[in-house]
Amino acid sequence: MRVARELDLAILERLAKPATVVSDNGTELTSMAILRWSRDRDVEWHYIALGKPQQNGFIESFNARLRDECLNETLFTTLGHARQVLADWRHDYNHFRPHSSLGNRTPAEMGAGSIGKPGWGLTPNPVVAITPKHGHQTGRRLYS
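Residues numbered from 1 in each chain as written. Predicted model: local features only at pLDDT ≥ 70, side-chain atom pairs only at ≥ 80, totals over all residues. Heavy atoms only, no water.

**Details of the overall build of the chain**
Okay, so step 1: Within the chain, the regular secondary structure consists of 5 helices and 3 strands.
Okay, so step 2: Going from the N terminus to the C terminus, the chain shows its helices and strands as α-β-α-β-α-α-α-β.
Okay, so step 3: On the chain, roughly 8,200 Å² of surface is accessible, and the fraction owed to carbon and sulfur atoms is 55%. (Helix = DSSP H or I, 4+ residues; strand = E, 2+ residues; numbered from the N terminus. Areas by Shrake-Rupley, 256 points an atom, 1.4 Å probe, with all protein chains shown as cover.)

Here it is, written out as structure tokens:
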């Protein structure tokens, strides 16, 4: 249910819902709560094949970048400190870093051009980093 709440927050933030969510088969993403969320919001859910992380290469790349640039470089002293560092990293990633997969635009620039449009944009793989808020775990990358 926590993942579903975070997905709802992402939809509110973006003013649009994704056409499809691609994820691995983690228990937090195969629960009845997620299946119900997907059905109730008419959002397709695609699970990658077991043992095939390359089928979701964008999130694997993102996770590696987050690990290398933030998690491995920071000694978190409190939960609040971790939340702030992750929020700062997320803001930098989404607002100041152009991505070649987005036509050298930032995810925020890409999102601004797709507000209210189905599928979250014009490119096949817009990447928007979603990090935990309020200590909740989140799901994987959303894309059309």
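What follows picks up the thread again.
**Observations concerning the packing of helix α3 (residues 57–71) against helix α4 (residues 79–95)**
Okay, so step 1: Contact geometry for α3 and α4: axes closest at 11 Å, N-to-C directions at 125°. By the angle between their directions, the pair α3 and α4 is classed as oblique. Both α3 and α4 take part in a crossing whose hand is right-handed. Between α3 and α4, the residues in contact are Phe62, Arg65, Leu66, Glu69, Cys70 and Leu71 and Val85, Leu86, Trp89 and Tyr93, respectively.
Okay, so step 2: For the contact of α3 with α4, the per-class residue count stands at 8 nonpolar, no polar and 2 charged. (Axes fitted to C-alpha atoms, helices over the stretch in contact; angles between N-to-C directions. Parallel < 35°, antiparallel > 145°, perpendicular 65-115°, else oblique. Left-handed = near helix turned anticlockwise from the far one by under 90°. Contact = heavy atoms within 4.5 Å. Nonpolar A, V, L, I, M, F, W, Y, C, P; charged D, E, K, R; others polar.)

**Considerations on the packing of aromatic side chains**
Okay, so step 1: Scanning the model with the defined rule gives 5 aromatic pairs in all.
Okay, so step 2: Between Trp89 and Tyr93, the aromatic rings sit 5.1 Å apart at their centres with planes inclined by 20°, giving stacked as the arrangement. Linking Trp89 with Tyr93, this pair stays in helix α4, spanning 4 residues, or about one helical turn.
Okay, so step 3: Within the aromatic cluster, the residues linked to one another by ring pairs are Trp37, Trp45 and Tyr47. (Phe/Tyr/Trp six-rings, centres within 6.5 Å; stacked < 30°, edge-to-face > 60°.)

**Some details on the side chain of Thr106**
Okay, so step 1: Structurally, Thr106 can be placed in the loop between α4 and α5 (107–112).
Okay, so step 2: If near-sequence neighbours (up to four positions away) are discounted, Thr106 is found in contact with Asn94, His95, Phe96, Arg97, Pro98 and His99.

**Some details on α3**
Okay, so step 1: Here α3 is 15 residues long and its end C-alpha atoms lie 20 Å apart, about the 21 Å a rise of 1.5 Å per residue gives.
Okay, so step 2: All of the buried residues in α3 are Ile59, Phe62, Leu66 and Cys70. Along the axis of α3, the buried positions cluster into a sector of 55°, meaning they face one direction only.
Okay, so step 3: In the core, the buried residues of α3 are packed alongside α4. (Expected span 1.5 Å × (residues − 1). Buried < 20%, exposed > 50% of the residue type's maximum accessible area, 1.4 Å probe, protein only. Arc of directions from axis to C-beta.)

**Here's the deal with the pattern of salt bridges**
Where charged atoms of side chains with opposite charge meet at close range, the side chains can pair.
Okay, so step 1: Applying the stated rule across the entire model yields 6 salt bridges.
Okay, so step 2: Salt-bridge contacts for Asp40 lead to Arg39; the nearest nitrogen and oxygen are separated by 3.0 Å.
Okay, so step 3: Residue classification places Arg39 among the exposed residues on the basis of a relative accessible area of 60%.
Okay, so step 4: Two residues, Glu69 and Arg97, come together in a salt bridge whose shortest N-O distance is 2.6 Å. One end of the pair, Glu69, is in helix α3; the other, Arg97, is in the loop between α4 and α5, and 28 residues separate them in sequence.
Okay, so step 5: One connected set of salt bridges, linked through shared partners, spans Arg65, Glu69, Asp92 and Arg97. (Salt bridge = Lys/Arg side-chain N within 4 Å of Asp/Glu carboxyl O.)

**Here we look at the pairing of strand β2 (residues 44–47)**
Okay, so step 1: With 4 bridges joining them, strand β1 (residues 20–23) and β2 adopt parallel strand pairing. Paired with Val22 across the strands is His46, a residue of β2.
Okay, so step 2: Once the chain exits β1 it traverses helix α2 (residues 32–40) before rejoining the sheet at β2, and the crossover so formed is right-handed. (Pairing = 2+ DSSP bridges. Right-handed = clockwise from strand over helix to strand, strands pointing away.)

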